[in-house]
Structures are given as C-alpha cells and as structure tokens.
Amino acid sequence: MNSAAENLCLSLLSNCRTLRNLKQIHAFVYKSGLETDPLISAKILLISAVQISDAIDYARRLFIHNPNPDVFMYNTLIRGESESDSPNNSVSSFARMLRESYSPPDSFSFAFALKAAANLRCLKTGFQLHCQAMVRGLDTHLFVGTTLVSMYGECGFVVFARKVFDEMNEPNVVAWNAIITAYFRGNDLSGADRLFGLIPCRDLTTWNVMLAGHTKAGDLERAKGLFLRMPSRDDVSWSTMIVGFARNGYFDEALRVFRELVGSGNRSNEVSLTGVLSACAQAGAFEFGKILHAFIEKMGFAWISSVNNALLDTYSKCGNVLMARLVFERMPGKKSIVSWTSMIAGLAMQGYGEEAIKLFHKMEESGTRPDEITFISILYACSHAGLLERGHEIFSKMTGIYNIEPTIEHYGCMVDLYGRAGQLHKAYNFVVQMPVPPNAIIWRTLLGACSFFGDIELAEQVKKRLSELDPDNSGDHVLLSNIYAVAGKWKDVDTVRRLMAEKNMKKTPGWSMIEVDKVMYSFVAGDKLNDITEEAYNKLSEITLKLKVEGGYVPEVGSVLHDIEEEEKEDTLSKHSEKLAVAFGMARLCKGRTIRIVKNLRVCKDCHSFMKSISKVYELDIVVRDRSRFHSFKEGSCSCRDYW
DNA sequence: GTAGGGTTAG
C-alpha cells in the first residue's frame, strides 16, 4: 500500500523539470523518511539522469550512495550517461555492472551502452559490447540488434551494420530505418534509395529518415520532393526540412517553411525553432528573429536551453548584443558551454574584447570548463580588440592549464593577433615556428595584415608560400595587387592582373542581404536589372551625388584596380552589393530606422568610407556584418575604428 | 517502473 506521503512525492516528481525543483522534492522525501523507498529513489534517479539535461552529476552521486543498485538503476545511469557530454562514463558504468552487480546486464543495458559507443564513434567499444552481447545470447535480440546496426553505422562501418542486419531474424521497420540511416551515414545515397524501395512496410519515420538523409547530403530538391509526396507529416518532418534549408544556406526557404508550418496549424517544436533561428542568425534577419522571440515566450518554449542558445546566437549575429545578453542572463538552469561560448563570440564580433574576457573569467568561476571552441572565440575577441598581451596569456592558459592541444585555428587566431597589432615579423616568426605546418588560411591571414600595413616585402614572401599551397586563389592575387596599387607600383599591379587573366581566375562574387518587412533581399555585385535592383540603383545614384556634394566623399579606387579598365573603376565600385543593399534599405525603410546588412566577404575600404559618409550626411545608423566582424556606423565613424 | 530508427544551438 502506498502511503499518502509516498503518493504526494510521486506526484510532485512527475511534474519536476529543473534540478532546483528536484532538490526541493528530494529534501521533502528525506523529511518524510522515504529516502529508502525503492520506487521513489528509482524515480529520482531517472529524472536526474535522463529527464533533466544538466543533472547527470547529481544522478551519479545518488547512485554512489546506493549500497546495492538493481538492474533498473544501473540501466538508468548507463542511459543518462550515454546521452551526456561524456558518454565514456556510460561505458565505465557498464563495465562496473559486469564486475559488481549481482544480476548481469540485460537487453536494456546493452541498448544504452551501445548508444554510448555510437555517440563516441568508438568502434572498439562497440565491438567489445557486441562480443559481450553474443556471449549472453542477446545479439539477436531485436532491440539490441537494431542498436548494433546504428552503432556500426555511426562509426562509419556500413558493412558491419549490413552484416548484423542480414543476420536479424525478422527485421521490423525500425531495423530497416536503422540500416537506411547507416547507408546515408556512409554517403551511399543510391544504396539508401535502393533499400527504401525494398522495405516491406513504411511508416512515417521511414520517410523522415529519407528526408534527413537527403538534406544532410545537401540535396534539398530531392528532400522537398519526398516531403511533398509523403502520405503524412509530423513535427519531425517539418523540423528536418527547416534545419536542412538553414544548414545549406537557403535561409529564405527556411523562414518560408517555418511560416507555412505555423500557418498550417501543425505543431512546431524546439528543433524547428532552433532551425529557423539559425537561418535568421546566418542571414541577419533581426525583425523576424524578434517575432520568433515573442513566439517562444508565448508558446512556452522559453525554458528549453537549446532554444535560448539559438535565440542568443541570433541576436548577437544580428548585431544586437544587448538583447543577446538579456537572453543569456535570463536563461533558466545551468548555462551550458554553448551558451557561454556563444555569448563570448557575440561580444567578440562587436569588438568588446574586455567584456568578452570578463565573461570568460566568469565562466571559469562557474565551474564550466572551456573547450577548444571557447578558446577560438576568446582569442578572436583579443585579436579584434587589439589586446595583444591578454591574447598571449589566454593562449598559454589553454595549453598550460587546460591542457588543450592548439589546432590550426588557434594558431590562426594568434597570427591574426600579431598581424592586426602591426607586429608583422613576430607574426611571421610565429608561423614558421608553429608545430603544425601552416596552411593557406594562416598565410592568407598574414597577407591581409601585410596589406593593411603596406609591407610589400613581406607580402611578396608570403604570397610565394601561398602560391605553393593554393596557387589559383583569386583573393590572394587581389590582395597583392591592392598592396602594389596603394604603393603606386603600377607595373607590378599589371603583372598580377595579367597572371589572373591568363589563369582565368574568377573573383568570389560578393553578396549582401537586407531584411525589409521581414523578407530577406539579397544583392550581388553588378546584379542584372529587375524591379528590385532598379530601385536600388536609382536610390544609389541619388545618394552618391549627395555624398559627393555634402559629405566630401571621394571613391577610393584602389580596391578595384585588379579586374577592370580605368574608366570603369568608379562605376564598378558603385555596384558593390553592400551599397545596393543599403540604398534599397534607405528607399524602403522608414526614415531613422537602423539599416542592417549582412555581407559574405569583407567590406572594402571604399564601401567602408561610403557608409561612414552616409551615417553623417543622412544622420542614419548602419550596421554591417561582414565576414570577419560587425561594423556599426554612426555620426561619420565606425565601431571598428577603421581596424578590420 | 527503462528500450531500438528520424529533427537540436557555439
């Protein structure tokens, strides 16, 4: 018979969602003398290990204090750890079960431990578990077999996955789904399609498997076809499409599908939200992002950490670091490493180096261990704020205290740090002494710094290295020719230009995007004429004239010498995509509204001074997110202090 | 009293 207190505890536990709440209930359990009640302690373990994302440490402590855990409790811990940040703990718990438990692992134990091996992509662990399962006669168990298929698939061994699948007695639809997923994992799209044709019965999930496989392979057309053809769709089908579009750069499509999802009355979930938010973040769709924020609050998604992280990233990538900070501060529960790192990166992109470092220290104090991505963000913050010394300290801390092996990206940050500070020869010496061979990106970073500080001699040396590693990169040639042009070395400019023409090198087309009335418009340099571009071109000529007369704006033709004839210089400059986007925004948006642009390349010197000029003459704020950082133009100057 | 396949942010 359950007592009244026991029933009360069980009912409290069934509504428990946060660690804080769980601790309160746990205290009440002690007070009521129910701490040894098997049903209640099992339930508390289940909630902390599985149902609350940041409570696995609590679960582990509970488990340790239990003198003789039963199979159920072992399985719960193995399951929770397999889904945690350190799935290797799950494997350890399984091993401990073999050594210490009175009862042997059952099919549940194997399914959970195999999931850990899959998450670790550790074939060796998976193989050992497979052997153990064979010894116990559990390898042909339907559930264990299916998990084996997906484990081998995750580890990239499709042949093993297929072997297990072929040996299964009567594979059901779930097993079929697992083997199809394994084929997609191994990039065997036609194999996956073939199996899809052979499958005896398909449910909704099979169609979702096909959607996921094709979107991950980047074939959105195929996925779209399947999406329209499938007999019914659920929230996972919709989320898969939205995430797929967002991942592959089809931001407007992601926004459109999300709108359609909400309009159709189907259920949106946290995954479709993170997907559409990611599209907004990449495209800089600030207005749409704000609407999503309201939607999140209204629909009760605000307690989910993945949604909050995506929202904070959206605000910071749209240039609104204050709103990003607000979301960050108000997030419920423990802040994850993703939250901390996103916030640090957000501050870094705006050039708030000191604030980023402060937050980094707060993160350390909170007990969250920074990882390699955190260090990339914080080093980036230092280089973009000119904090040479601090960057140096942090780099030594990473290797010395946190024992994190620097990757080529970390070295790249250091080169950037020296380069931006004008210490070109220090940067060069750093590159040649690096323990890993420098790649083209490293040399390109240095070339950029040489260009900024006009060091022709070093630039030529660096360009030589680049020619060995990546000889046909047009950007490198453009940089070099710009360096010559600024120094007035026309003959050298000509040589580089001729080389580019001979090799038929094409410049990466620059594009810029702007959001007007929650719709994204994109512009490409030298765009063909249509209604939208015509409107932009007309407004642009009007603006340029006014700036020349009232703002003293003089086009800086140095940036275009590489690819066109002299008389066209100014004409081509005026067609840069960011100028078109700004002009379009000024034509369409209400007066006084901040203009927000996202650009795929770095903004050129001419466009930079053009924006400064607009911000003064028109008394208008402009925010440009380029490939490397944010530029906030206000009253004739830029937040980057002409340093980018 | 726990399962297996499909969607999740830096």
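Look a little higher up for the structure.
Residues numbered from 1 in each chain as written. Chains lettered and ligands numbered in written order. Predicted model: local features only at pLDDT ≥ 70, side-chain atom pairs only at ≥ 80, totals over all residues. Heavy atoms only, no water.

## Let's talk about the overall build of chain A
Part 1: A tally of helices and strands in chain A yields 34 helices and six strands.
Part 2: Radius of gyration (C-alpha) of chain A: 29 Å, near the 26 Å computed for a compact globule of 644 residues.
Part 3: Taken over the C-alpha atoms alone, chain A extends approximately 90 × 55 × 55 Å along its principal axes.
Part 4: The buried share among the 644 residues of chain A stands at 50%.
Part 5: Summarising the internal contacts of chain A: among those between residues at least 6 apart in sequence, 61% fall at separations of at least 24.
Part 6: Here chain A contributes 75 positive and 75 negative side-chain charges, whose respective centroids are spaced 2 Å apart. (Helix = DSSP H or I, 4+ residues; strand = E, 2+ residues; numbered from the N terminus. Rg over C-alpha atoms; globule rule 2.2 N^0.38 Å. Buried < 20%, exposed > 50% of the residue type's maximum accessible area, 1.4 Å probe, protein only. Contact = heavy atoms within 4.5 Å. Lys, Arg positive; Asp, Glu negative; His and termini not counted. Charge placed at Lys NZ, Arg CZ, Asp CG, Glu CD.)

## Looking at the packing of aromatic side chains
Part 1: Per the stated rule, a full pass over the model turns up 23 aromatic pairs.
Part 2: Ring geometry for Phe395 and Phe430: centres 6.4 Å apart, planes at 75°, overall edge-to-face. Of this pair, Phe395 sits in helix α24 (residues 388-400) while Phe430 sits in helix α26 (residues 424-433), placing them 35 residues apart in sequence.
Part 3: You can call Phe430 buried: its relative accessible area is 17%.
Part 4: For the ring pair Tyr428 and Trp443, a centre distance of 6.0 Å and an interplane angle of 50° mean the geometry is tilted. Here Tyr428 is found in helix α26, whereas its partner Trp443 is found in helix α27 (residues 440-453), with 15 residues between them in sequence.
Part 5: For Tyr428, a relative accessible area of 14% puts it in the buried group.
Part 6: Members of the aromatic cluster, each reached through a chain of ring pairs, are Phe127, Tyr152, Phe157 and Phe160.
Part 7: If you follow Lys579 out to its NZ or CZ, it ends over the ring of Phe610, 4.8 Å from the centre. (Phe/Tyr/Trp six-rings, centres within 6.5 Å; stacked < 30°, edge-to-face > 60°. Lys NZ or Arg CZ within 6 Å of the ring centre and 35° of its normal.)

## Re the layout of surface pockets
Part 1: Roughly 1,000 Å³ of volume is contained in the second largest pocket.
Part 2: Every residue lining the second largest pocket is counted, 33 residues in all, and those nearest its centre are Lys115, Ser150, Glu154, Ala178 and Thr181.
Part 3: Within the residue set of the lining of the second largest pocket, elements represented by two or more residues are α5 (71-82), α7 (107-120), α9 (142-154), α11 (173-185) and α13 (204-216).
Part 4: Top contributing element to the lining of the second largest pocket by residue count: α9, with eight residues. (1 Å grid on protein atoms, 1.4 Å probe; cavity = no way out; pocket = protein on both sides within 12 Å on 5 of 7 lines; lining within 4 Å. Points joined across faces, edges and corners; volume = space filled by probe spheres on them.)

## Examining the environment of Ser272
Part 1: The residue Ser272 is located in helix α17 (residues 270-283) in this model.
Part 2: Put simply, Ser272 and Gly80 are 192 residues apart on the chain and 24 Å apart in space, counted from C-alpha to C-alpha.
Part 3: Residues contacting Ser272, with those up to four places away along its chain left out, are Ser239, Ile242, Phe258 and Leu261.

## Quick word on the packing of helix α1 (residues 4-14) against helix α3 (residues 38-51)
Part 1: Running from N to C, α1 and α3 point in directions that differ by 10°, and their axes come no closer than 11 Å. One element, α1, and the other, α3, form an angle in the roughly parallel class. Contacts from Glu6, Cys9, Leu10 and Leu13 of α1 reach α3 at Leu39, Ile40, Lys43, Ile44 and Ile47.
Part 2: A per-class count over the contact of α1 with α3 returns seven nonpolar, no polar and two charged. (Axes fitted to C-alpha atoms, helices over the stretch in contact; angles between N-to-C directions. Parallel < 35°, antiparallel > 145°, perpendicular 65-115°, else oblique. Nonpolar A, V, L, I, M, F, W, Y, C, P; charged D, E, K, R; others polar.)

## Regarding the protein's contact with DNA strand B
Part 1: Neighbouring residues of DNA strand B: 46 residues in total, closest Asn177, Asn208, Lys216, Arg247 and Ser306.
Part 2: Within the contact set of DNA strand B, a base nitrogen lies 3.5 Å away from a side-chain nitrogen or oxygen of Thr146. (Near = heavy atom within 4 Å. Polar contact = N/O pair within 3.5 Å; in protein donor to acceptor, adjacent residues only side chain to side chain.)

## Description of unusual backbone geometry
What you tend to see is this: most non-glycine residues have negative phi, and most peptide bonds are trans.
Part 1: In the Ramachandran plot, Arg121 falls in the positive-phi region, its phi being about 50° despite a non-glycine side chain.
Part 2: When you line up the elements, Arg121 lands in the loop between α7 and α8 (123-135).
Part 3: Judged by its relative accessible area of 46%, Arg121 is partly exposed.
Part 4: Phi is positive for Glu635, close to 45°, though the residue is something other than glycine.
Part 5: In this structure, Glu635 sits in the loop between β5 (630-634) and β6 (637-638).

## Here we look at the pairing of strand β2 (residues 519-524)
Part 1: Bridge count between strand β1 (residues 511-516) and β2: six bridges; the pairing is antiparallel. Residue pairing across strands places Trp511 opposite Val524, the latter belonging to β2.
Part 2: A loop of two residues connects β1 with β2, the two strands running antiparallel in sequence, and Asp517 in this loop sits at a positive phi of about 50°. (Pairing = 2+ DSSP bridges.)

## Details of empty space enclosed by the protein
Part 1: Taken as a whole, this structure holds one cavity of 30 Å³ or more when the rule is applied.
Part 2: Of the volumes computed, that of the largest cavity is approximately 40 Å³.
Part 3: In terms of lining, the largest cavity is formed by Gly284, Lys317, Cys318, Arg596, Ile597, Val598, Val623, Arg625 and Phe630.
Part 4: Looking at which element gives the most residues to the lining of the largest cavity, the answer is strand β3 (residues 595-599), with three residues.

Keep in mind these numbers describe shape, not what the thing actually does.
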